[in-house]
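# Working through the structure, step by step
Listed below, chain by chain, are the residues.
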Amino acid sequence: MTKKSHKSRRRRKKPFHPEFPPKRLAPKYEFCRMLGRGSYGFVCEAKNLVTGQKCAIKKVADVFANLVEAKRLLRELRILRVLSKHNQIVEIIDLLPPKDMGTFDTLYIVFEYVDTDLAKLIGTHSVFYYHARKVYYVGNVVWFGIYSFVRNCSSRY
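Spatially, β1-β2-β3-β5-β4 is the arrangement adopted by the five strands of the open sheet, whose pairing is antiparallel. Edge positions in the sheet fall to β1 (29–37) and β4 (92–96), since each has one partner strand and no second. When the angles between neighbouring strand axes are averaged without regard to direction, this sheet yields 30°. Relative to strand β5 (residues 107–112), β4 runs antiparallel, the two sharing four bridges. Bridged to L96 within β5 is Y108. Against the sheet, helix α2 (residues 67–82) contacts β3 (54–60), β4 and β5, and its axis sits at roughly 30° relative to β5.

What follows is the structure in structure tokens.
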């Protein structure tokens, strides 16, 4: 019987991205892959190590650099929290606590994982589904308006 070489038993390194260092996501989340970059920051796919489910983590850097952007982010978080039980709204799962509450400037927001986003759905170039998509989006906007009215939430929340 021959022994396997030491090199073949070596574990493969876990992927990571400089925007999502493992020490910042640990011990609860593990980076899987980058999903994209938006106006607020970076988004990655991650795995919840407790439940094993996929999630999306948004990193918002320099939270307090611009007062208007900070207010907009706070408004987004409050509205998402109020409307979190609606099936058409992405749910906030967690906020990763900063290392130091007095000096933090980066916020990590954990969302439920959704395999697409609104820009990709709107960008689908299918003539057959055009009418169905239009009806679907208008219906969702109407249901969102009704739901937000019932939940007593306005756009100036």
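We are not done yet, so read on.
All right, on to the pairing of strand β2 (residues 41–48) then. Taken across its eight residues, β2 has six buried, putting it largely inside the fold. Here seven bridges tie β1 to β2, and the two strands are oriented antiparallel to one another. Looking at the pairing, E30 lines up with K47 of β2. As consecutive antiparallel partners, β1 and β2 are separated by three residues. Where β2 lies against β3, seven bridges are found, and the strand directions are antiparallel.

Rules used in this analysis
- Residues numbered from 1 in each chain as written.
- Predicted model: local features only at pLDDT ≥ 70, side-chain atom pairs only at ≥ 80, totals over all residues.
- Heavy atoms only, no water.
- Pairing = 2+ DSSP bridges.
- Helix = DSSP H or I, 4+ residues; strand = E, 2+ residues; numbered from the N terminus.
- Axes fitted to C-alpha atoms, helices over the stretch in contact; angles between N-to-C directions.
- Contact = heavy atoms within 4.5 Å.
- Buried < 20%, exposed > 50% of the residue type's maximum accessible area, 1.4 Å probe, protein only.

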